[in-house]
Amino acid sequence: MVQYLFISILTCLCVIFAVAFFTMVERKVLSYVQTRKGPNKPGVAGVVLPLADAFKLLFKEKIMPYGSNQYFFVFAPFLSLLLGLSLWHLYPTSNSYSYVCWGVLLFFCITALNVYGTLLAGWASNSKYAFLGALRASAQTISYEVSMLLLLLFSAFLLFTCSWNEAVSKSFPILLLLVPMGLVWFTSTVAETNRAPFDFAEGESELVSGFNVEFSGGLFAMIFLAEYASILFMSLGTSVWFFSSTFLTPLTLSLEVLICSVLFLLIRGAYPRFRYDLLMMLCWKGFLPFSLCGLFLVLLSGLHF
């Protein structure tokens, strides 16, 4: 029990440090995309900048909006961060304490709860702008969650496993079988994590930064950490379920996660923001029928054999 607790704490600390330095990588990538230098003053090539940002946010004055539900206002960022870190206990490892047989189902349950953090943050702020932003973000998250989970079931049925550990050791990368399926999965993860060009949760100018407009300091940092932890985990999920092979080692897995996460950044630098009605139409009239057809095809092939 003590060993399991130690491994869980170490995993959470590693994820937090990875998120901190991933923000520096994001600034570097976006700066070179826009033909500028980016952060290069703090430390060597800006390495100290994530630590400076963390200290700045944690030690800023805590501001509580007048008339807000203070308990839920504080609880919502904690819930988002807790769910974001809980996902990382599913990562494939040889440690027997972290082995989850039905990891796909646990992933479904945790991702389904993410919407509550967004809703609580917008509702508890006592702000119409935050509440409208929370409603739009929740609708987007729920919509793309459906197609994303169906695509994950497509890979799980083809690999004959629901465990993240077993999926890594399978001998065939799903992406080579059906490339459009992998592209739809990646687009759904971008929309699920509220990243550009689908960043309507916190990028709408008429909603004044969306559901997190009233948050600052440490509470905003928690929402920020939860979002980036989800981005890194979705990159891990892409590597495990769509690039799995017998040659996948911890080093190659880490490189694939890095490449997938950098793709999130390149997409942000290359594409303008989508329109909200087109975003929802793309999900319900494009991705959902496509994922249902793919899953139906896998089920028919399984019944045939």
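Residues numbered from 1 in each chain as written. Predicted model: local features only at pLDDT ≥ 70, side-chain atom pairs only at ≥ 80, totals over all residues. Heavy atoms only, no water.

## A closer look at the UniProt feature "transmembrane region" (unreviewed entry) in the protein
The following threshold applies: UniProt positions are given in the numbering used here, feature names are shortened, and annotations may be inferred rather than shown by experiment. The secondary structure listing takes helices from DSSP runs of H or I that are at least 4 residues long and strands from runs of E that are at least 2 residues long, numbered from the N terminus.
Mapped onto this structure's residue numbering, the UniProt feature "transmembrane region" (unreviewed entry) falls at residues 5–23, 71–91, 97–121, 142–160, 172–191, 211–234, 240–266 and 278–300. The span residues 5–23 carries 100% helix and 0% strand; its end-to-end C-alpha distance comes to 28 Å.

## Focus on the packing of aromatic side chains
What counts is decided by this rule: Aromatic pairs are defined between Phe, Tyr and Trp rings, using the six-membered ring for Trp, whenever the two ring centres lie within 6.5 Å; interplanar angles under 30 degrees are classed as stacked, those over 60 as edge-to-face, and all others as tilted.
Applying the stated criterion across every chain yields a total of 17 aromatic pairs. Judged by centre distance (5.4 Å) and plane angle (75 degrees), the rings of tryptophan 88 and phenylalanine 233 are edge-to-face. Of this pair, tryptophan 88 sits in the loop between helix H3 (70–86) and helix H4 (103–124) while phenylalanine 233 sits in helix H10 (residues 217–242), and the two are 145 residues apart along the sequence. Ring plane angle 80 degrees and centroid distance 6.1 Å describe the contact between tyrosine 144 and phenylalanine 287, whose orientation is recorded as edge-to-face. Of this pair, tyrosine 144 sits in helix H5 (residues 128–159) while phenylalanine 287 is found in helix H12 (residues 276–304), placing the two residues 143 residues apart along the sequence.

## A short note on the pattern of salt bridges
For clarity, the cut-off: Any Lys or Arg side-chain nitrogen located within 4 Å of an Asp or Glu carboxyl oxygen qualifies as a salt bridge.
Scanning all chains against the criterion turns up 6 salt bridges. As a salt-bridge pair, arginine 275 and aspartate 277 come within 2.8 Å of each other at their nearest N and O atoms. Within this structure, Glu26, Arg195, Glu227 and Arg268 form a network of salt bridges that share partners.

## A word on the nonpolar core
Which entries qualify depends on this criterion: In this text, buried Ala, Val, Leu, Ile, Met, Phe, Trp, Tyr and Cys residues form a nonpolar core when linked through side-chain atoms within 4.5 Å. Accessible area is worked out with a 1.4 Å probe on protein chains only. A residue is then buried under 20% of its type maximum, exposed over 50%, and partly exposed in between. In this analysis, two residues are considered to be in contact whenever any of their non-hydrogen atoms come within 4.5 Å of each other.
Counting residues in hydrophobic clusters, the biggest one holds 76 residues, and the most contacted among them are Phe107, Trp164, Phe233, Val240 and Trp241. At 13 residues, H10 tops the list of elements feeding residues into this core. If we ignore the near neighbours within four places in the chain, the residues touching tryptophan 241 are Val104, Leu152, Ser155, Ala156, Leu159, Thr161, Cys162, Ser163, Trp164, Ala167 and Ile174.

## Side note on unusual backbone geometry
With an omega of 10 degrees, the peptide bond running from alanine 196 to proline 197 counts as cis. Along the chain, proline 197 turns up in the loop between helix H8 (179–192) and helix H9 (200–203). Positive phi is not limited to glycine here, since phenylalanine 160 has a value of about 60 degrees. Here phenylalanine 160 lies in the loop between H5 and helix H6 (164–168).

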